[in-house]
Amino acid sequence: MESELTRSPAWHALSQHFQEMKSVHMRELFDADTERFKYYSIELNDLLYDYSKNIVTDKTVELLLQLAREADLPRWIERMFAGEPINHTENRAVLHAALRDRSAKPVYVDGVDVMPEIQQELERVKHLAEMIRSRKWRGVSNQAITDVVNIGIGGSHLGPLMVNEALRPHALHDLNVHFVSNIDENHINDTLQYLNPETTFFIISSKSFTTQDTMVNAETARQWFVESQHDDDSDLHRHFAAVTSNVEQARAFGIAKDNIFKMWDWVGGRYSLWSAIGLSIVVAIGSEHFDELLEGAYEVDQHFKQAPLEKNIPVLMGLLGIWYNNFFDAQTMAVLPYDQHLHRFPAYLQQADMESNGKYIDRNGEEVDYTTGPVIFGEIGIAAQHAFFQLLHQGTKLVPADILAPVYSFQCIARHHRALMSNVFAQTEALMRGKSREEALEELRAQGLSEEQIEALLPYKVFPGNRPTSTLMFDTLDPKTLGSIIALYEHKIFVQGVIWNINSFDQWGVELGKQLATDILHELDDATAVNSHDSSTNGLINHYKRRRPNRSGG
Ligand code: F6P
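1. Brief notes about unusual backbone geometry
- Even without glycine at this site, Ala104 takes up a positive phi of about 65°.
- Among the secondary structure elements, Ala104 is positioned in the loop between helix H6 (73–81) and strand E3 (108–109).
- Residues other than glycine seldom take positive phi values, yet Asp329 does so here, at roughly 65°.
- Structurally, Asp329 is set in the loop between helix H14 (313–327) and strand E10 (332–337).

As structure tokens, then:
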């Protein structure tokens, strides 16, 4: 049965329109309209979103907007901000935006205004962070804290890590913030080997407080600390805090009541960096900068709520993604920051986007008959140029890309920054224009090659172009701007989820592997061969057991 989406008038119109557009080259669009940039770019505070280098015309944009209207997007936006339980499979509201709400208006969940509690928790987070930053918080031997280790994974790790890397220039220099996520012992061992238990503070970040990776690492951290105290755990409260919605488990682990910071079930893990999960961020950059981060996100929230759809950056970002994903059949999307401090942004966005929109069942419980979330990948733009841009320019796949670039970098050494930005401009132009056969020919002739040499080389020197990029330029990567950038992507993901009629806020797809790992864990307790799985899984487990005959269970 055809879904509501693929039956909708806008979808049909877009399918027909695609037939006209699939052979259009962006060069033609730019040649036909010298003002294209002006009409296909939007400024919001210090952000400039240029989407003119996309294979779209006014008609495309109008039809995509019609698709959004037919999906009732404005109403969905209202519903999210109003705290309705739009995460229907978990019967939860989706209120990460409330965490940065500066309006002083109430936000209700089940008839209760959640704003006072949000404020209270934020103040507690800031208080602890400032105590540590100001060296007033003392460890067991009355020394100040020198190292803070966030133990968490997924949303309890990637957001804070990405932000801390992005805002590194704003962080205190004599306080180190570390992140441990991998259950592989190398991660925690590598981190702890140079640290002093008496000056180290751990934040156990886990909404559920049951995630295996985090719990195993937390146990190791506690053991490391307690052993350093001759097996005395009475000073744990000076060295451990937790951020969780599972207070009981955190207490059972040994975290002091005053050191437990609350998370709410209406904040999804991958949207949680604005909550107490951001404690490690506040420790690093301080309360004022954290407020600026929230402020930047709040401004985008206002824009998302109030701007007309055709001038709404997250809406356009989302719709362009739909255009390529569902009509051009693009399977991927590249995110390419040209700012070294955004080097963890692609990893962060992979979780934010793919865990949200990697779904094949729609809101009615039916299998979709269209493709949903793309594979997100990316790398620092300059590094990517020397790694996978070959495929972007001359490969056989269409890879729409987002480019993020700063007008100023933190120190802005002109020699570096101008060269950096020349690459940004050159790459988006090259991807759009490509190099025609005639241009390539002229170039080879100018190099003085023989006709024979030219003939042999010419096909390789042609660039088809017509590779879409959208550029998000910002003045400089300060906390406020970063907050805005993150919120843009959060809302873009939501827009796409609404169009695809999927719930972007659950993540059932991560459960199966977790369940099986729990079962298999018991099977690793001894050296007995297993035969309860398929032959590959049995074979792998039994090989593992054979190769470490005396070490199983260890
Ligand atoms: O396994 C996926 C996931 O559930 C993510 O959604 C989440 O961000 C991560 O694990 C960590 O979960 P928690 O904060 O409960 O430890």
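2. Description of the pairing of strand E5 (residues 147–151)
- Counting buried positions along E5 gives 5 out of 5 residues, so the element sits mostly inside the fold.
- The two faces of E5 match: Asp147, Val149 and Ile151 on one face and Val148 and Asn150 on the other face are all buried.
- In this view, the connection linking E5 to its parallel neighbour strand E6 (residues 176–180) by way of helix H8 (residues 158–166) has right-handed handedness.
- The sheet contact formed by E5 and strand E7 (residues 200–205) spans 5 bridges and is parallel. Each bridged residue has a counterpart across the sheet, and for Val149 the counterpart in E7 is Phe202.

3. A closer look at the pattern of salt bridges
- As enumerated under the stated definition, the model contains 26 salt bridges in all.
- The partner of Glu84 in a salt bridge is Arg75, and the shortest N-O contact between them spans 3.2 Å.
- Taking the shortest distance from any N to any O, the salt bridge between Arg100 and Glu490 comes out at 2.8 Å. Residue Arg100 is found in the loop between H6 and E3, and its partner Glu490 is found in helix H21 (residues 479–499); the two are separated by 390 residues along the sequence. Residue Arg100 shares its accessibility class with Glu490, and that shared class is buried.

4. Some details on the site of the ligand
- Residues in close proximity to the ligand total 14 residues, the closest being Ser156, Ser206, Ser208, Thr211 and Glu355.
- Contact between the ligand and Ser156: an oxygen atom at 2.6 Å from a side-chain N or O atom of the residue.
- Here an oxygen atom of the ligand and a side-chain polar atom of Gln351 are 3.2 Å apart.
- The protein chains hide 87% of the 390 Å² of surface that the ligand would expose on its own.

5. With respect to the pairing of E10
- For E10, a buried count of 5 out of 6 residues is recorded, marking the element as mostly surrounded by other parts of the structure.
- The pairing of E10 with strand E11 (residues 375–378) spans 4 bridges and is parallel. Considered in E11, the bridge of Thr332 is made with Val375.
- A crossover connection joins E10 to the parallel E11 through helix H15 (residues 345–357); in handedness this β-α-β unit is right-handed.
- Where E10 meets strand E12 (residues 401–406), 4 bridges bridge the pair, whose relative direction is parallel. From the neighbouring strand, Leu336 faces E12, where its bridge partner is Ile403.

6. Quick look at the nonpolar core
- In this structure, Trp266, Trp323, Phe345 and Leu482 are the most contacted members of the largest nonpolar core, which totals 123 residues.
- The greatest single-element share of this core, amounting to 11 residues, is contributed by H21.
- Trp323 has contacts with Leu14, His17, Phe18, Met21, Ile55, Val56, Thr60, Leu64 and Phe328, leaving out every residue within four places of it along the chain.
- Ranked by size, the runner-up nonpolar core spans 22 residues in total, among them Val180, Phe209, Ala218 and Phe253.

7. Describing the side chain of Ser52
- Mapped onto the elements of the fold, Ser52 is located in the loop between strand E2 (47–50) and helix H5 (58–70).
- Using a relative accessible area of 2% as the deciding quantity, one classes Ser52 as buried.
- What Ser52 contacts, discounting residues up to four positions off in sequence, is Phe30, Arg36, Phe37 and Tyr40.

So, how was this worked out
- Residues numbered from 1 in each chain as written.
- Predicted model: local features only at pLDDT ≥ 70, side-chain atom pairs only at ≥ 80, totals over all residues.
- Heavy atoms only, no water.
- Helix = DSSP H or I, 4+ residues; strand = E, 2+ residues; numbered from the N terminus.
- Buried < 20%, exposed > 50% of the residue type's maximum accessible area, 1.4 Å probe, protein only.
- Right-handed = clockwise from strand over helix to strand, strands pointing away.
- Pairing = 2+ DSSP bridges.
- Salt bridge = Lys/Arg side-chain N within 4 Å of Asp/Glu carboxyl O.
- Near = heavy atom within 4 Å.
- Polar contact = N/O pair within 3.5 Å; in protein donor to acceptor, adjacent residues only side chain to side chain.
- Areas by Shrake-Rupley, 256 points an atom, 1.4 Å probe, with all protein chains shown as cover.
- Core = buried A, V, L, I, M, F, W, Y, C linked by side-chain atoms within 4.5 Å.
- Contact = heavy atoms within 4.5 Å.

The quantities given are spatial measurements derived from coordinates; they are silent on function.
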